[in-house]
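Notes for the structure review
Given next are the chains, with one letter for each unit.
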Amino acid sequence: MLHRYPKRVAYLMLVLTALVATFPLWGEAVFGNQANFMLEKLTLMLILALFAMSLDLLVGIVGLVSLGHALFFGLGAYTLALASPDFSPASMWWMLPLVIGVSACVGLIVGLLVIRTKGIFFIMTTLAFGQMLYYFISTSQFAGGTDGVFIMFRPSLAVGDTLLVDLDDPYSFFYFCLVTLLAGYLFLRWLTRSYFGQVLDGIHDNEHRMQALGYATSGYKLIAFVIAGVMASIAGMLAAMQYGFANPAQLGWHTSGEVLMMLILGGIGTIFGPILGAFAYEILLFVYEHATTHWPILMGLTIIVAVLVLPRGVAGLMIAPPWARKRRTTANDAPEKATVSAQPVTQSKVD
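Residues numbered from 1 in each chain as written. Predicted model: local features only at pLDDT ≥ 70, side-chain atom pairs only at ≥ 80, totals over all residues. Heavy atoms only, no water.

**Quick look at the packing of helix 4 (residues 70–83) against helix 5 (residues 92–114)**
- It is the contact of helix 4 with helix 5, at a shortest axis distance of 10 Å, that shows an interaxial angle of 140°. The orientation of helix 4 relative to helix 5 falls into the category oblique. As helix 4 runs across helix 5, the sense of the crossing is right-handed. Residue-level contacts link Leu71, Phe72, Leu75, Gly76, Thr79, Leu80 and Ala83 of helix 4 to Trp94, Met95, Leu98, Val99, Val102, Ser103, Val106 and Gly107 of helix 5. (Axes fitted to C-alpha atoms, helices over the stretch in contact; angles between N-to-C directions. Helix = DSSP H or I, 4+ residues; strand = E, 2+ residues; numbered from the N terminus. Parallel < 35°, antiparallel > 145°, perpendicular 65-115°, else oblique. Left-handed = near helix turned anticlockwise from the far one by under 90°. Contact = heavy atoms within 4.5 Å.)

Rendered as structure tokens:
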């Protein structure tokens, strides 16, 4: 799964990143009064892109399909909501490590149990753990039950009395989420190209062979599971910061299914594909919701078409566009034709 992609992929991603980063400059000119709403949607796309990237580490790199990844997304949201003071903002300097620590501990405990399973059993056990936490939170008074918990203040990022970043400002929070997404992408890019990532790639291709070579594959998968859970929790914390509440729906299997669809749309195992998938899913969702009340039918049909027509997702189009594949096929056919034409023509003699 660890491939070196053509340079056009890097160029296209840089252009798209620049387009997103400069939205505050051109957003109002394009969307007018809807610019603030679009900024909020764009911020959500950045958060969901981080969430989708974390799942791609499991599904695309290690080969572990999880239907309970929303467990960590909701865990990050509820950690922020329950740990935040009621009458003053929490400090990001201790809130972020707290979210990372809680999610890492939960990921370690859950991972020790689910890593022992494979295939459909892994899918079902992750789904079971996610639903267990979902029903526990939904029926707990301290967590607000089905109503969730409201967050009165966003965490502050300051040194002493000096405010470094005003996270209450929509534009500052937008750039904070963008930087977090880029940091997550660079981290996963480095991780997948390291020795650890090469072992994960080997486990994805043939785990039994890696075990025969002496690798403790369970330990590698457990570390990857914890890392994916931590990244998903950070995304959940950002989502709770944006909307000001944590809700049990963030823990449900529907959320896990949606982020899995983002991977399918974007391209599994590419790291940058889930980013494209998150943007594509949210754009389609926005269009379909405003087009008809039966938007789930349209979304379902879109996913089916994407699986049939774009098995490698949007990322596959960037890596190998149709014209590039046609050119490569033509180049491969040319030597064969030359070989055939170079053969001498002999006439059979008739006695």
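**Re the nonpolar core**
- By size, the foremost hydrophobic cluster in this structure holds 91 residues, and its most contacted members are Leu200 and Leu238.
- Ranked by the residues each element gives to this core, the list is headed by helix 3 (residues 35–62), at 19 residues.
- No fewer than three residues from each of domain 1 (56–251) and domain 2 (253–323) sit in this core.
- Residue contacts for Leu200: discarding those within four places in its chain leaves Leu57, Ile61, Val62, Tyr220 and Ala224. (Core = buried A, V, L, I, M, F, W, Y, C linked by side-chain atoms within 4.5 Å. Buried < 20%, exposed > 50% of the residue type's maximum accessible area, 1.4 Å probe, protein only. Domains from an automatic or database assignment.)

**Description of the side chain of Asp56**
- Inspection of the secondary structure assignment puts Asp56 in helix 3.
- Here Asp56 is buried and forms no salt bridge, its nearest opposite-charge partner Arg193 lying at an N-O distance of 10.0 Å.
- Polar side-chain contacts of Asp56 include one of 2.7 Å to the backbone nitrogen of Gly269.
- Excluding residues that lie within four positions of it along the chain, Asp56 makes contacts with Ile61, Leu263, Ile268, Gly269, Thr270, Ile271 and Pro274. (Lys, Arg positive; Asp, Glu negative; His and termini not counted. Salt bridge = Lys/Arg side-chain N within 4 Å of Asp/Glu carboxyl O. Polar contact = N/O pair within 3.5 Å; in protein donor to acceptor, adjacent residues only side chain to side chain.)

**Some remarks on the pattern of salt bridges**
- Enumeration according to the criterion identifies 3 salt bridges in this entry.
- Glu282 serves as the salt-bridge partner of Lys41, at 3.4 Å between the closest nitrogen and oxygen. Of this pair, Lys41 sits in helix 3 while Glu282 sits in helix 12 (residues 273–291), and the two are 241 residues apart along the sequence. A single burial state applies to Lys41 and to Glu282, both of which are buried.
- One salt bridge in this structure joins Glu207 and Lys118, with 3.8 Å as the shortest N-O distance. In this pair, Glu207 is assigned in helix 9 (residues 207–212) and Lys118 in the loop between helix 5 and helix 6 (119–138), connecting sequence segments 89 residues apart.

**With respect to the environment of Ile268**
- Tracing the chain through its elements places Ile268 in the loop between helix 11 (253–266) and helix 12.
- Look at Ile268 and you get partly exposed, because its relative accessible area is 38%.
- For Ile268 and Leu55, which are 213 residues apart along the polypeptide, the C-alpha to C-alpha distance reads 9.5 Å.

**Let's talk about a nonpolar patch on the surface**
- Together, Ile297, Leu298, Leu301, Ile304, Val305, Leu308 and Val309 line one region of the surface with nonpolar side chains, adding up to about 680 Å² of accessible area.
- Topologically, Val305 is positioned in helix 13 (residues 295–309). (Patch = residues over 30% accessible without salt bridge, like charges linked within 9 Å, V, L, I, M, F, W, Y side chains within 5 Å. Areas by Shrake-Rupley, 256 points an atom, 1.4 Å probe, with all protein chains shown as cover.)

**Notes on the packing of aromatic side chains**
- Counted according to the given criterion, the structure contains 15 aromatic pairs.
- Both rings, one in Phe23 and one in Trp26, keep their centres 5.0 Å apart while their planes meet at 80°; by these two values the pair is edge-to-face. With Phe23 and Trp26 both in helix 2 (residues 23–31), this residue pair falls 3 residues apart, about one helical turn.
- Look at Phe23 and you get buried, because its relative accessible area is 4%. (Phe/Tyr/Trp six-rings, centres within 6.5 Å; stacked < 30°, edge-to-face > 60°.)

**A word on the domain arrangement of the protein chain**
- Here the domain parsing of the protein chain yields domain 1 (56–251) and domain 2 (253–323).
- On a C-alpha basis, the centroid separation for the pair domain 1 and domain 2 is 22 Å.
- The interface of domain 1 with domain 2 comprises 19 residues on the first partner and 13 residues on the second.
- A combined buried area of about 1,300 Å² lies between domain 1 and domain 2, and 74% of that area is made up of carbon and sulfur atoms.
- Three residues, Asp56, Leu67 and Tyr185, lead the burial of domain 1 against domain 2; their summed loss comes to 39% of the area buried on that side. (Buried area = accessible area lost by both parts, 1.4 Å probe.)

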